[in-house]
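Read off the chains here:
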Amino acid sequence: MDKLFQLQQQENPQNELYLLAINITRRCNLACEHCYLDADTLKNGQNNELSLSEVTSVLDEVASRSNKTMVVLTGGEPLARTDLEDMIQYGAKLGLSMVIGTNGTLLTSRRVASLKASGALGVGISVDSLHQAQHDKFRGLDGSWEKTYKGIQHCREQDLSFQIHFTVTQNNYTELNDIIRFSHKNGARVINLFFLICTGRAESTSDISPDQYEHILTETIKAQINYPDMIIRPRCAPHFKRIAHQLNPESAITRVSGFDGDGCIAGTHYCRVAPNGDVTACPYIETSSGNIREQSFLSIWDHAPEFQSLRHPKLNGACGECEYQKLCGGCRARPLAMGGDLMDSDPYCAYVPNGGAIIEPFEANIDHPMEWHEEASQRLSRIPGFLQNMIKKRAEAYVMELGENIVKAEHLSNLASKRFGQNMPFKKPAFLTSKSLSSKDSLKKNEPQ
């Protein structure tokens, strides 16, 4: 078989870091009802927030192991940092995928151009209602919706990829289909649906019920079919994997482990660094597993006991009895936030286990491993690193469903068309080279005082 070969890829360690969030500040120009940081206003910045050199040191550590990690610089409001572009440029030149999570109000045309020039892969922009007054109330500032919308237009005009982040609450869950249409119409490549976890200011914000949660996730799966050129995915909602399997139990793709996409990856493939240097498994798990000012980031990532427990979970209650525990596993932050244990049942799951056998995640047939055509493997290598593992598994599951065992370029095209239409969710910045910055010295002069 000419031009065929077994895809050569080292086995990924169980704790490969796919996604790292760095809260680079608590400062914010808004006062959002749901903020897990309970972020201070712009004028009340902290004097102990991470310096530029501390952020770049973390980036160096991450890149020393792999450049396939996506790094989200967020806050508070990250655009409040004047050295944000220095962080982006440094990480991008290490080969990391650098993105920004923002409320969008400070995305002027000039700032968007600056972010793009620094090597930003994209931005995530929060839109919580299409009713301007309701969005402004939720965000704590009159006129914020209009400023955010202008930020979206600036990104679109300058071809900077963007996602829409929609936080689902009692006040806006009926807007789901409208917000999806809005995101699609305005050129978003992804819409992320975030579900509240009661930490920070969200402790006083009303959440949806478990039944509403179930309904919204079901509607999300159905909506994806109608918008193949945009990713619609829930966050902090691992139940998505269980519902997808219930809707289509014959599909191998629905059995791709939640650890590899669409599920909870806290502590397994994801963590965050807080503005004071604390490292936690996710933004909603407030317990520090270590601090980068006291030990190296990678030593925390590799050895923190809480991370180890999440990588080898011993679930209690209904989650421990559920046949979907390996696909879903429930949200670990929710029981903790509600006064329980990290491994207790997710209180917002309405599913009752039926005592069936545990559903095993999809894996390629070990006796007859999947082969990859050379052109297909080359195409996979051109995809941003943080997406490669998930797309590889999905492609192999798709080909297995077809009764074949060779992944070809046409399979990737068909799968991408089903999922993305003609648009991939991210583009690599054209100007980037593999050459790293030779020194941090040129950056240190710009550190905040």
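Since the structure is predicted, the reported quantities are computational estimates derived from the model, not experimental observations.

What counts, and where the lines are drawn
- Residues numbered from 1 in each chain as written.
- Predicted model: local features only at pLDDT ≥ 70, side-chain atom pairs only at ≥ 80, totals over all residues.
- Heavy atoms only, no water.
- Buried < 20%, exposed > 50% of the residue type's maximum accessible area, 1.4 Å probe, protein only.
- Helix = DSSP H or I, 4+ residues; strand = E, 2+ residues; numbered from the N terminus.
- Arc of directions from axis to C-beta.
- Pairing = 2+ DSSP bridges.
- Axes fitted to C-alpha atoms, helices over the stretch in contact; angles between N-to-C directions.
- Parallel < 35°, antiparallel > 145°, perpendicular 65-115°, else oblique.
- Left-handed = near helix turned anticlockwise from the far one by under 90°.
- Contact = heavy atoms within 4.5 Å.
- Nonpolar A, V, L, I, M, F, W, Y, C, P; charged D, E, K, R; others polar.
- Expected span 1.5 Å × (residues − 1).
- pLDDT = per-residue confidence, 0-100.
- Right-handed = clockwise from strand over helix to strand, strands pointing away.
- Core = buried A, V, L, I, M, F, W, Y, C linked by side-chain atoms within 4.5 Å.
- Phe/Tyr/Trp six-rings, centres within 6.5 Å; stacked < 30°, edge-to-face > 60°.
- Lys NZ or Arg CZ within 6 Å of the ring centre and 35° of its normal.
- Disulfide = S-S within 2.5 Å.

Turning to helix α13 (residues 374-381), a few remarks are in order. Those residues of α13 lying buried are Ala376, Ser377 and Leu380. Mapping the buried residues of α13 onto a view down its axis gives an arc of 95 degrees, with all of them on the same face.

Sheet architecture is open: nine strands sit in the order β8-β7-β6-β5-β4-β3-β2-β9-β10, paired in mixed fashion. This sheet does not close on itself; its edge strands, each paired only once, are β8 (231-235) and β10 (279-280). With five bridges joining them, strand β2 (residues 19-23) and strand β3 (residues 70-74) adopt parallel strand pairing. Residue pairing in the sheet places leucine 19 in a bridge with methionine 70 of β3.

Let's shift gears to the packing of helix α7 (residues 210-226) against helix α8 (residues 239-247). Between α7 and α8, whose axes approach to 10 Å, the crossing angle comes to 60 degrees. Between α7 and α8, the interaxial angle falls into the category oblique. Between α7 and α8 lies a crossing of right-handed hand. In this structure, α7 contributes Tyr213, Glu214, Leu217, Thr218, Thr220 and Ile221 to the contact, and α8 contributes His239, Phe240, Arg242, Ile243, Ala244 and Leu247. Per-class residue counts for the contact of α7 with α8 are seven nonpolar, three polar and two charged.

Attention shifts here to helix α14 (residues 385-401). For α14, spanning 17 residues, the distance from its first C-alpha to its last is 25 Å, which sits close to the expected 24 Å at 1.5 Å a residue. Within α14, 14 of the 17 residues are buried, which leaves it mostly tucked inside the rest of the structure. Immediately downstream of α14, the backbone of glycine 403 shows phi near 80 degrees, a positive value.

In this model, the protein carries a mean pLDDT of 82, and residues with pLDDT of at least 70 account for 81%. Here residues 420-426 scores under 50 on pLDDT; set against residues more than four positions off or in separate chains, the count is 27 contacts.

Our focus in this paragraph is the packing of helix α2 (residues 84-93) against helix α3 (residues 109-118). Packing of α2 against α3 brings their axes to within 8 Å, and their N-to-C directions diverge by 25 degrees. Considering the angle they form, α2 stands roughly parallel to α3. The segment α2 lies against α3, with Leu84, Glu85, Ile88, Gln89 and Ala92 engaging Arg111, Ser114, Leu115 and Ser118. In terms of residue class, the contact of α2 with α3 is made up of four nonpolar, three polar and two charged.

Okay, the pairing of strand β7 (residues 190-195) next. In terms of burial, β7 is largely enclosed, as five of its six residues are buried. Following the backbone out of strand β6 (residues 162-168), through helix α6 (residues 176-185) and into the adjacent parallel β7, one traces a crossover that is right-handed. Note that β7 and β8 share five bridges and pair parallel. Residue pairing for β8: isoleucine 191 is matched across the bridge by isoleucine 232.

On to the nonpolar core, then. Residues Ile22, Leu115 and Phe297 are the most contacted members of the largest nonpolar core, which totals 110 residues. Per-element accounting of this core gives the leading share, eight residues, to α14. Counting six residues, the second-largest nonpolar core is a separate cluster that includes Tyr324, Cys328, Tyr351 and Ile359.

Before going further, it helps to examine the pairing of strand β5 (residues 122-126). Of all five residues making up β5, five are buried, and the element is well covered by its neighbours. Going residue by residue along β5, you find Gly122, Gly124 and Ser126 tucked away on one face and Val123 and Ile125 tucked away on the opposite face as well. Pairing of β5 with β6 involves four bridges; the strand directions are parallel. By the bridge assignment, isoleucine 125 is partnered in β6 with isoleucine 164.

Glancing now at the packing of aromatic side chains. Under the counting rule described, the total for this entry stands at seven aromatic pairs. Geometrically, the ring pair formed by tyrosine 213 and tyrosine 348 is tilted, given 6.5 Å between the ring centres and 50 degrees between the ring planes. Of this pair, tyrosine 213 sits in helix α7 while tyrosine 348 sits in the loop between α12 (333-337) and β11 (371-373), and the two are 135 residues apart along the sequence. Neither tyrosine 213 nor tyrosine 348 differs from the other in exposure class; each is buried. One aromatic cluster is present, built from ring pairs that chain together Trp145, Tyr149 and Phe182. Stacked on the ring of tyrosine 348, the Lys or Arg arginine 334 has its end atom at 5.8 Å from the ring centre.

A separate point is the environment of valine 112. Relative to the elements of secondary structure, valine 112 occurs in helix α3. Placed 43 residues apart in sequence, valine 112 and cysteine 155 show a C-alpha to C-alpha distance of 6.3 Å. Excluding residues that lie within four positions of it along the chain, valine 112 makes contacts with Leu107, His154, Cys155, Gln158 and Leu160.

Relative to the helices and strands, tyrosine 324 is located in the loop between α11 (317-321) and α12. Using a relative accessible area of 7% as the deciding quantity, one classes tyrosine 324 as buried. Tyrosine 324 sits 83 residues away from lysine 241 along the chain, and the two C-alpha atoms are 8.3 Å apart. Those residues within four positions of tyrosine 324 in sequence are excluded, and the remaining contacts are Arg242, His245, Gln246, Gly329, Tyr351 and Ile359.

A word on the state of the cysteines. Applying the stated criterion across every chain yields a total of zero disulfides. Its sulfur unpaired, cysteine 328 is 6.0 Å from the next cysteine sulfur, which belongs to cysteine 349.

This part takes up unusual backbone geometry. Following glycine 75, the chain continues into glycine 76 via a peptide bond in cis, with omega recorded as 15 degrees. Of note in the backbone geometry, aspartate 159 takes a positive phi value of approximately 55 degrees without being a glycine. Among the secondary structure elements, aspartate 159 is positioned in the loop between α5 (144-157) and β6. Among the residues examined, aspartate 159 registers a relative accessible area of 44% and is labelled partly exposed. Even without being a glycine, cysteine 236 presents a positive backbone phi close to 55 degrees. Tracing the chain through its elements places cysteine 236 in the loop between β8 and α8.

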